[in-house]
Each structure stands twice: as C-alpha cells, then as structure tokens.
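# Architecture and fold: a report
Take a look at the letters that make up each chain.
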Amino acid sequence: MTWTALPPFLVFRYRMGMQMQHFGPDAFDRPHGSKTRVIILIAAATLLGGLGFFFANRADSGTSNSSISEYAVSPPGDRREPLDGGSIYASKAQGGKEVSDLLKWLLGISKGGNNGKPGSTGKTDESKESSRTAPSRKSDWTKPVDAYVITARYGQPGSWAAGHHTGIDLAAPVGSRVKSVHPGVVTHATFDDDYGNYILIHQSDDLYMLYAHLSKITVNAGEKVDVGQLIGLSGATGRVTGPHLHFEARSAPEYGRDVNPVNYLRNHGVTL
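Parameters and conventions
Position numbers for residues start from 1 in each chain and track the written sequence from start to end. Predicted model: local features are reported for residues with pLDDT of at least 70 only, side-chain atom pairs are reported and counted for 80 or more only, and whole-chain, interface and lining totals are derived from all residues. Working from all heavy atoms in the structure, the side-chain values ignore hydrogens and water. In DSSP terms, a helix is any run of H or I states spanning at least four residues, a strand is any run of E spanning at least two, and both are numbered starting from the N terminus. What makes two residues a contact is simply this: any of their non-hydrogen atoms within 4.5 Å. Accessible areas in this description were obtained via Shrake-Rupley with a 1.4 Å probe; residue shielding takes into account the shown protein chains only. Working definition: with a 1.4 Å probe on protein chains only, accessible area under 20% of the residue-type maximum means buried, over 50% means exposed, and in between means partly exposed. When charges are counted, Lys and Arg contribute as positive and Asp and Glu as negative, whereas His and the chain ends are disregarded. Any carboxyl oxygen of Asp or Glu that lies within 4 Å of a side-chain nitrogen of Lys or Arg is treated as forming a salt bridge with it. The definition of a polar contact used here is a pair of N or O atoms within 3.5 Å, where within protein one atom must be able to donate a hydrogen and the other to accept one, and adjacent residues in sequence count solely through side-chain atom pairs. Think of it this way: a Phe, Tyr or Trp ring, Trp meaning its six-membered ring, pairs with another when their centres are within 6.5 Å, and the plane angle makes it stacked under 30 degrees, edge-to-face over 60, tilted otherwise. In plain words, nonpolar cores are sets of buried Ala, Val, Leu, Ile, Met, Phe, Trp, Tyr and Cys residues tied together by side-chain atoms within 4.5 Å. A score from 0 to 100, pLDDT tells how confident the predictor is in each residue. Two strands qualify as a pair provided DSSP detects at least 2 bridges between them.

Counting secondary structure elements, the protein chain contains 6 helices and 10 strands. For the protein chain, long-range pairs separated by at least 24 residues make up 63% of all intrachain contacts whose partners lie at least 6 apart in sequence. With the model as given, the accessible surface of the protein chain reaches about 15200 Å², and the carbon-plus-sulfur share is 58%.

Bringing the side chain of Asp 258 into the picture now. Within the element layout of this structure, Asp 258 appears in strand S10 (residues 258-259). Lacking a salt bridge, the buried Asp 258 has Arg 250 as its closest oppositely charged neighbour, with an N-O distance of 6.2 Å. Here the side chain of Asp 258 touches Tyr 154 through a polar contact of 2.8 Å, side chain to side chain. Within polar-contact distance, the side chain of Asp 258 engages the side chain of His 164 at 2.9 Å. Ignoring sequence-local partners within four residues, the contact set of Asp 258 consists of Tyr 154, His 164, Thr 166, Glu 248, Ala 249 and Arg 250.

Our next topic: the packing of aromatic side chains. Overall, the coordinates contain 2 aromatic pairs when judged by the stated rule. Taking 5.5 Å as the distance between ring centres and 50° as the angle between the ring planes, the aromatic pair formed by Tyr 211 and Phe 247 counts as tilted. On the criterion of sequence distance, the pair formed by Tyr 211 in strand S6 (residues 208-217) and Phe 247 in strand S9 (residues 244-250) is long-range, its members being 36 residues apart.

With respect to the helices, strands and loops of the structure, Ser 74 is situated in the loop between helix H3 (67-71) and helix H4 (96-110). For Ser 74, a relative accessible area of 5% corresponds to the buried category. Residues Ser 74 and Ala 161 lie 87 residues apart in sequence; the distance between their C-alpha atoms is 9.3 Å. In this view, Ser 74 contacts Asp 192, Asp 194, Tyr 195 and Tyr 255; residues no more than four positions away in its chain are not counted. Side-chain polar atoms of Ser 74 contact the side chain of Asp 192, separated by 2.3 Å.

Further remarks concern the nonpolar core. Ile 199, Met 209, Tyr 211, Ile 231, Leu 245, Phe 247 and Leu 265 are the most contacted members of the largest nonpolar core, which totals 26 residues. Those elements that provide at least two residues to this core are strand S2 (168-171), strand S5 (196-203), S6, S9 and helix H6 (261-266). Once residues within four sequence positions are removed from consideration, Ile 231 is found in contact with Val 178, Lys 179, Ser 180, Ile 199, Ile 201, Tyr 211, Ile 217, Thr 218, Val 219 and Val 225.

By the secondary structure assignment, Thr 166 is in the loop between strand S1 (149-152) and S2. In this structure the C-alpha to C-alpha distance between Thr 166 and Ala 249, which are 83 residues apart in sequence, comes to 8.3 Å. Within the local environment of Thr 166, its side chain forms a polar contact with the side chain of Glu 248, the two groups lying 2.9 Å apart.

Further remarks concern the pattern of salt bridges. Considering all chains together, one arrives at 3 salt bridges under this definition. A salt bridge links Asp 146 to Lys 179; the shortest N-O distance between them is 2.9 Å. Note that Asp 146 is positioned in the loop between helix H5 (126-133) and S1 and Lys 179 in strand S3 (residues 177-179), a separation of 33 residues in sequence. Judged by relative accessible area, Lys 179 falls into the buried class, the value being 3%. A salt bridge links Arg 250 to Glu 248; its shortest N-O distance comes to 2.7 Å. Per residue, the accessibility class of Arg 250 equals that of Glu 248, and both read buried.

With phi around 80°, Asp 206 is a residue other than glycine that occupies positive phi space. Mapped onto the secondary structure, Asp 206 falls in the loop between S5 and S6. Even without a glycine there, the phi angle at His 213 is positive, about 70°. Mapped onto the secondary structure, His 213 falls in strand S6.

Time to look at the confidence of the model for the protein chain. With 58% of its residues at a pLDDT of at least 70, the protein chain reaches an overall mean of 74. Every residue in residues 89-100 scores below 50 in pLDDT, and together they form 16 contacts with partners more than four places removed in sequence or on other chains.

Right, let's talk about the pairing of S5 for a bit. Counting buried residues in S5 gives 7 out of 8 residues, a clear majority hidden from the surface. Of the strand pairs in this sheet, strand S4 (residues 184-192) and S5 are connected by 8 bridges, and their pairing is antiparallel. Considered in S5, the bridge of Asp 192 is made with Gly 196. Hairpin connection from S5 to S6: 4 residues lie between these consecutive antiparallel strands, with Asp 206 at a positive phi of about 80°.

See the structure below:
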C-alpha cells in the first residue's frame, strides 16, 4: 500500500500510530534510530510549548497596557523625576515664613487642633464643615484641598524632564481630603513610580487635571465626578520628600503639556 492510496485522515492516523510506537517503558532499549526519533520528538514538543507560553504572555500583556505607557503621564524613557517637594525642608526655598507656618500647623494638628489653614484658631463649626463636603453650586470650580502650605510652585526651574516644575505642591497631612476642582471624567486612577497613586481627570472644559502622591484613591477610571467631589486622600507615595498633593493642569494627557494651574483657577475665581 502506498501513502497516496489512503485518505489524508487515515494517513495522519497511520503515521501517528507509527510514531507512538517509539514511546513506552522500553523506548530507550530499542535500536539507535528509535532513540533518536524519541529525543527529537520530545525536544520539538518542549520547544513548541515554550513558544506557545511566550506568545500567550505577550498577548495578555498587550491587552492590559497601563495608563503610563498609553498616555506617557510620566517622562518618556527611563528618566526619573527628582524628588517632589512636600517637606518643611523643601519649603525653605520659598522662605522661612512658610516653614514656620507649616511647623505651627502640624504642631496644632498633633495636639488635636483644626484641619484649617495655618494661622486659624482651631475652632470649627458645622456650617463651615458642611460647606467643605458640599461646596456651593454658585461656582463650578474649587480648591483641590482646603488646608495646605505651598512647598513648590509651578514653573520653578530645576532638573525635571520638562525643565521646570510642572505643577504646584500643596503640603498637607496624610489623609487630607482631595477634591475634584471641576466636573469631568476620570481617565486614570492608578500608580506610577514618579507620581505614586494618581488620578487624571478629563474636565468638561477639555483640560486634564492630575492629582498625585495620594495615599488612597476613591474613584475609578470611567467615573464621572462633580466639582468638590472627594476623589482621594493626600499622601506621600511615589518620589517625594514628604506628604503633599502635586496638583497639575494639562492641555493634553501627556507629560510636558502642562499649563499654570494657579492662573487657571484664578481666572475662575479660586485663589491658591
């Protein structure tokens, strides 16, 4: 009988049966040719299995790209940003008064004082507290945090990849409430080596707002947020010198498309 005399399926079964005869407890007691074929088959199966595992992993990774690679939120390549300001030492560049204010403020909090700005009395009332959690609808803009000390300003020159500080650093105790400054949609709520836990919001006015170094994120990607809505808690994640909120405005989601957040909010009646 010749191979061509058999239908293709039977040829396949016949050849597989011939090959399978080389496996079994006595496979390596057979003539040299049989041993060689067995070894070749095992090696080929191992190689094919390894290639399948490799390409399967690549397919999985391709379907779960992080926001960092997708939007280049951080500087491209392997460049690391310098430590971002947030400690009293970082605030020395802004003058001794800010250092003194921050020390007094932190001391007041440690003694059970208020969560207000430095220099306040430490007394709170329900009307003021409720206004923090439910901002007036008279404005569609608000501050990202209520209590803070500025430790690094926007545009400050330095060794950043952009050549300057791309946001403003608002030093605040870990766990301070971070709010959306304007309505929008959360595009990313994730982690980055430089920014730590961060949130990127595409606002209804087409700007992008970045809130970085958070200790906790309380919103999800795709979620709509309103002005003043709680989106996370301040912290010291990522490359920082201390706890603070890095607040950054961008004309596009990518790193290097920053605009002055202080001027932006001032134009809408909010002063940082």
